[in-house]
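For reference, the chains in residue letters:
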Amino acid sequence: TQSVTLKAENETFTLFHSDASYDFKLDATTNANLSFSKGGTTKSTIRHYGATEGLFGVQLGMWKNNITTGTAATQTVTAPNGFGNVLACDTTGLSGPMAVNLPAVADYKGVVFYVIDSKGNAATHNINIGVQTGEKMDGVLNGTATISSNNGFSVLVCTADGWFQVA
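Quick notes on the rules
Residues numbered from 1 in each chain as written. Predicted model: local features only at pLDDT ≥ 70, side-chain atom pairs only at ≥ 80, totals over all residues. Heavy atoms only, no water. Pairing = 2+ DSSP bridges. Helix = DSSP H or I, 4+ residues; strand = E, 2+ residues; numbered from the N terminus. Axes fitted to C-alpha atoms, helices over the stretch in contact; angles between N-to-C directions. Buried < 20%, exposed > 50% of the residue type's maximum accessible area, 1.4 Å probe, protein only.

Chemist: Describe in detail the sheet that holds strand β10 (residues 98-101), supporting the description with residues and values.
Modeler: One open sheet accounts for four strands, arranged β8-β10-β12-β15; its pairing is mixed. Two strands close off the open sheet at either side, each with one partner strand: β8 (74-76) and β15 (144-147). Averaged over all adjacent pairs, the angle separating strand axes in this sheet is 20°, with direction ignored. Where β10 and strand β12 (residues 127-130) come together, four bridges link them in parallel fashion. Paired with V100 across the strands is I129, a residue of β12.

Below, the structure written as structure tokens:
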């Protein structure tokens, strides 16, 4: 039998598992803090800092990226907002380049996205990364980025002004 207890004090809500070994706490007293504990010891915390949109930090714990493998000639990126995401491109079975379509800037501001040549074939079958029509890549309207070296990669950041390659 499982049971859960919810405790509310001031602006803090804590959800306790039946044996009190694990808990989840949402604290909105100063900043918005979401913490996870085991045996009364905090293991990790996600903290949103004040009124600044998208500014948060991870304390303790480990950040894990969402990894998707892409093998089709066209890959459309759909990734959770605010998380580091990896598209591991395998162009082995393709007869030409792979096209990676990035999502709309309006929905992904602040997101960091990684595109990698996971099988080392980009020199033979390039990986072409494109933006939505009318948006910018590195300041160029409808611009693209290309991975053309084996085991190459691109680190992309989305801002209000478009997508930018930072590595």
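Chemist: Any details on unusual backbone geometry? Residues and values, ideally.
Modeler: Of note in the backbone geometry, N142 takes a positive phi value of approximately 55° without being a glycine. Looking at the secondary structure, you find N142 in the loop between β14 (140-141) and β15. Overall, N142 belongs to the partly exposed group, its relative accessible area being 40%. Backbone geometry places N151, a non-glycine residue, at a positive phi of 65°.

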